[in-house]
Structures are given as structure tokens and as C-alpha cells.
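Examination of the molecular architecture
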Amino acid sequence: MKLSATAEKSKNPPAERLPEKSKIGLVRDLDPRSVSDCYTTFQAPASDQRVVQIIRPFSASSKNSYSAPVTLPLGPAYLAAVLEKAKYKVKILDA
């Protein structure tokens, strides 16, 4: 059985009729910004005397647990490092 000319065209569309990947949202164009650009864009004002206080949340453990989990506060440390790089004054409270 032979397909008609229109059915043959719709089965295998030519490359020039296909939409570009960036137009249909599968691949985005490269963003020219870098992390250091964001630090300068969002840095603290020069006369700002406020301090960002980062508080580590408590950890809940069950009543059958014999010891509290001992972990380093990496999340608050990473957040404080980024804020300090952007020239904010930061303090971490690990209670």
C-alpha cells in the first residue's frame, strides 16, 4: 500500500519546517551572567550597618534516641559565606 503525497510529508517533515529547540523551550540560550556579577549586583549598601542573623533550626529526635545527632551546620555556613562574599555582616547562632 502506497501513501499519498500529503501523508508522506506529514510522516517525515523536512528539517526546515521543524521548530528550533530554543523556541519550543527545550534548550535555553546561554546566560551571560556569572556568580561574581550577582555578588556585585546584590551586594550590601556601603552605609548599611545591619547584621544578618542566621539561626540553625533545632533537630528533633525521638524519645527512644540515646544521643542527639551530631552534624556540622553546613547549610547556615554556606548561606553565611555567600552573604559575606556580597559584603553583608553575618552572624550564625547555633543553639
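Residues numbered from 1 in each chain as written. Predicted model: local features only at pLDDT ≥ 70, side-chain atom pairs only at ≥ 80, totals over all residues. Heavy atoms only, no water.

1. Topic: the overall build of the chain
- Looking only at helices and strands, the chain features four helices and two strands.
- For the chain, the N- to C-terminal ordering of α and β elements is α-α-α-β-α-β.
- Relative to its full complement of 95 residues, the chain shows a buried share of 8%.
- Long-range pairs, those at least 24 residues apart, make up 67% of the contacts in the chain with a sequence separation of at least 6.
- Summed over all atoms, the accessible surface of the chain reaches about 8900 Å², with 59% contributed by carbon and sulfur. (Helix = DSSP H or I, 4+ residues; strand = E, 2+ residues; numbered from the N terminus. Buried < 20%, exposed > 50% of the residue type's maximum accessible area, 1.4 Å probe, protein only. Contact = heavy atoms within 4.5 Å. Areas by Shrake-Rupley, 256 points an atom, 1.4 Å probe, with all protein chains shown as cover.)

2. A look at unusual backbone geometry
- You will see that Lys-87, though not glycine, has its phi angle at about 70°, which is positive.
- Residue classification places Lys-87 among the exposed positions, given a relative accessible area of 56%.

3. Comments concerning the pattern of salt bridges
- Tallied over the entire structure, the rule returns one salt bridge.
- The partner of Asp-48 in a salt bridge is Arg-50, and the shortest N-O contact between them spans 2.9 Å.
- Residue classification places Arg-50 among the exposed positions, given a relative accessible area of 62%. (Salt bridge = Lys/Arg side-chain N within 4 Å of Asp/Glu carboxyl O.)

4. Description of a nonpolar patch on the surface
- Together, Leu-72, Leu-74 and Tyr-78 make up a nonpolar patch on the protein surface, roughly 380 Å² of accessible area in all.
- Examined against the element boundaries, Leu-72 turns out to sit in the loop between strand 1 (51–55) and helix 4 (74–85).
- When its relative accessible area of 68% is taken as the criterion, Leu-72 is described as exposed. (Patch = residues over 30% accessible without salt bridge, like charges linked within 9 Å, V, L, I, M, F, W, Y side chains within 5 Å.)

5. Here we look at helix 4
- Along its twelve residues, helix 4 runs 16 Å from first to last C-alpha, staying within 8% of the 16 Å computed at 1.5 Å per residue.
- Every buried residue belonging to helix 4 is among Pro-76, Ala-80 and Leu-83, and all of these are buried. Projected down its long axis, helix 4 shows its buried positions confined to an angular sector of 65°, all on one face. The exposed set on the far side of helix 4, more than 90 degrees from its buried face, consists of Tyr-78 and Lys-85. (Expected span 1.5 Å × (residues − 1). Arc of directions from axis to C-beta.)

6. What to know about the environment of Pro-57
- Within the secondary structure layout, Pro-57 lies in the loop between strand 1 and helix 4.
- Pro-57 sits 16 residues away from Pro-73 along the chain, and the two C-alpha atoms are 9.6 Å apart.

7. Overview of the environment of Tyr-39
- Tracing the chain through its elements places Tyr-39 in helix 3 (residues 35–41).
- Sequence separation between Tyr-39 and Val-82 is 43 residues; the distance between their C-alpha atoms is 8.3 Å.
- Not counting residues within four places of it along the chain, the set of residues in contact with Tyr-39 comprises Val-82, Lys-85 and Ala-86.

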